[in-house]
Amino acid sequence: MKSKNLKLNTICVHTGEIKDEQFKGAISPLYMSTSYAYENMDIKQYPRNFNTPNQRALSKKIAALEHAEDAIIFSSGMAAISTSLFAFLKKGDHIVMQKQLYGGTHNLIVKEFDKFGIEYSFTSGSEEQDFKNAIQPNTKVIYIETPSNPLLSVVDIKMVASLAKKYNLISMIDNTFASPVNQNPIDFGIDIVIHSATKYLGGHSDILAGAVCASSEHIAQIHGVAINFGGTLSDFTVWLLERSIKTLGIRVKAQNRNAKQIAKHLKKLPDITKVYYPGLKSHPGYELAKEQMKGFGGMMSFELSQEIDPVAFVKKLKLIKPSMSLAGVESTIVSPTKTSHALLSAEERMAQGVSDRLLRFSVGIEHRDDIIADIENAIAKVKKQTVTT
Ligand SMILES: *Cc1c(COP(=O)(O)O)cnc(C)c1O
């Protein structure tokens, strides 16, 4: 069956699976071989060539999820991002980057690009005019991230895709926060869709991986560069990632439901001054998110009032874990100032609207009443502590 005729959860479970012809097992066999017969020298099967049986099979599943012709899997989200950028940029070229970006991507640009003579501009905002203003005669790529980390800002994907077409640029999006369940940018005309598979695709906080989805032609161009940079993923992890994606649809939909209810609840609490969630009508990106997303996702961030010390608050949480990463089945919380945005200066953080009181919250699949109780109890405990000391 062609995957385009299949529904989300069926693609998650079945697309790209390797049939176990030998033993008729229920799941894809794992091929750990790094050495394959050289009968067909055109193919040169080798893990760093991104063409082992498990790599190719999983690529089909991820491509189908993103409505793409093809996909390629990497050893990390950053390997996927850096390889994709270097595949389309050379010395003297220019790239337009959205202002609000994942910290690691921001660092890649500002720390590495000068060495290669690649020029870059960050937009001053996320409106069409902000992107237009940043485009130069040597611009080759336009790069966005929506919803973005950590404030869940929403950028108009269709607008960016059509600007890219008009100016003959390659458009790239980091689709990690939305996951393919909630947002399929290729449907809006984006060329290259990138995922840190460490997040929702993996979903259990135990896999580091990345993926890129695009047309066969664009994937071929990225593949040519990927072989030289060598950011391949071990076949064992490829196999684990396949297992994880089988439950992607049901996990993310549960996280969507939880996050929406929890965001509404947190907004009512007097000790929480701001809640950033694209599914709240008060969020500036709400209308746009409704148009381009199928669900609002499991990520939010919130700011505690002056009375509640964010460090003490996180220490008092019992269920929600302090964690660098996100998108697992367990709820996790983090201070962006101390993690994803730690390498930025205080001024750069302020420019991105990331305050020291901000906490980024990745909602898991636990029962929402337990998550809410955990937050309310932690607030109460910090308040009591403040009164007694
Ligand atoms: C985590 C993350 C990355 C980087 O992915 P790694 O797998 O850690 O290399 C890139 N973009 C976003 C939005 C992320 O959350």
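As the structure is a prediction and not an experimental result, all values here were calculated from the model.

Enquirer: An account of a positive patch on the surface is needed here, citing residue identities and associated values.
Expert: Together, K260, K264, K268 and K281 make up a positively charged patch on the protein surface. Locating K268 in the fold gives a position in helix α10 (residues 248-268). The class for K268 is exposed, based on a relative accessible area of 67%.

Enquirer: Provide a residue-level description of the site of the ligand, including the pertinent values.
Expert: Among the 14 residues in the neighbourhood of the ligand, the closest are listed as G77, M78, D174, T198 and K199. Between the ligand and G77 there is a distance of 2.8 Å, counted from an oxygen atom to a backbone nitrogen or oxygen. Burial of the ligand by the surrounding chains reaches 93%, relative to a free accessible area of 380 Å². For the shell around the ligand, the per-class residue count stands at 6 nonpolar, 5 polar and 3 charged.

Enquirer: Provide a residue-level description of the sheet that holds strand β10 (residues 321-322), including the pertinent values.
Expert: Ordered by their spatial adjacency, 5 strands build an open sheet running β8-β9-β12-β11-β10, and the pairing between neighbours is mixed. The strands lining the two open edges of the sheet, one partner per strand, are β8 (272-276) and β10. Pairing analysis gives 4 bridges linking β8 to strand β9 (residues 299-304), with the strands arranged antiparallel. Paired with I272 across the bridge in β9 is L304. Packed on one face of the sheet, α10 meets β8, β9 and β12 (358-362) and runs near 15° to β9.

Enquirer: Summarise the pattern of salt bridges; cite the residues concerned and give the values.
Expert: Tallied over the entire structure, the rule returns 6 salt bridges. One salt bridge in this structure joins R56 and D70, with 3.2 Å as the shortest N-O distance. Here D70 lies in strand β1 (residues 70-74) and R56 lies in helix α2 (residues 53-65), a separation of 14 residues in the sequence. The partner of K115 in a salt bridge is E112, and the shortest N-O contact between them spans 2.7 Å. Given the relative accessible area of 62%, K115 is considered exposed. Owing to a relative accessible area of 27%, E112 belongs among the partly exposed residues under this scheme. Ionic contacts of the salt-bridge type, sharing partners, join the residues K90, D93 and K140 into one network.

Enquirer: Break down the pairing of strand β7 (residues 210-214) for me, with residues and values.
Expert: Across the 5 residues of β7, 5 count as buried, placing the element largely inside the fold. Burial along β7 is two-sided: the face carrying G210, V212 and A214 and the face carrying A211 and C213 are both buried. Relative to β7, β1 is paired through 5 bridges, and the arrangement is antiparallel. Bridging from a neighbouring strand, I72 pairs with V212 of β7. Direction of pairing for strand β6 (residues 192-196) relative to β7: antiparallel, over a ladder of 4 bridges.

Enquirer: So what's going on with the packing of aromatic side chains? Residues and values would help.
Expert: For the structure shown, the criterion picks out 10 aromatic pairs. Centroid distance F302 to F313: 6.2 Å. Interplanar angle 85°. Geometry classified as edge-to-face. Placement of F302 in strand β9 and of F313 in helix α12 (residues 310-316) is noted, with a sequence separation of 11 residues between them. Owing to a relative accessible area of 0%, F302 belongs among the buried residues under this scheme. The exposure class assigned to F313 is buried, which follows from its relative accessible area of 0%. Grouped by ring-pair contacts, the aromatic residues F86, F113, F116 and F229 constitute a single cluster.

What counts and what doesn't
Residues numbered from 1 in each chain as written. Predicted model: local features only at pLDDT ≥ 70, side-chain atom pairs only at ≥ 80, totals over all residues. Heavy atoms only, no water. Patch = residues over 30% accessible without salt bridge, like charges linked within 9 Å, V, L, I, M, F, W, Y side chains within 5 Å. Areas by Shrake-Rupley, 256 points an atom, 1.4 Å probe, with all protein chains shown as cover. Salt bridge = Lys/Arg side-chain N within 4 Å of Asp/Glu carboxyl O. Lys, Arg positive; Asp, Glu negative; His and termini not counted. Charge placed at Lys NZ, Arg CZ, Asp CG, Glu CD. Helix = DSSP H or I, 4+ residues; strand = E, 2+ residues; numbered from the N terminus. Buried < 20%, exposed > 50% of the residue type's maximum accessible area, 1.4 Å probe, protein only. Near = heavy atom within 4 Å. Polar contact = N/O pair within 3.5 Å; in protein donor to acceptor, adjacent residues only side chain to side chain. Nonpolar A, V, L, I, M, F, W, Y, C, P; charged D, E, K, R; others polar. Pairing = 2+ DSSP bridges. Contact = heavy atoms within 4.5 Å. Axes fitted to C-alpha atoms, helices over the stretch in contact; angles between N-to-C directions. Phe/Tyr/Trp six-rings, centres within 6.5 Å; stacked < 30°, edge-to-face > 60°.

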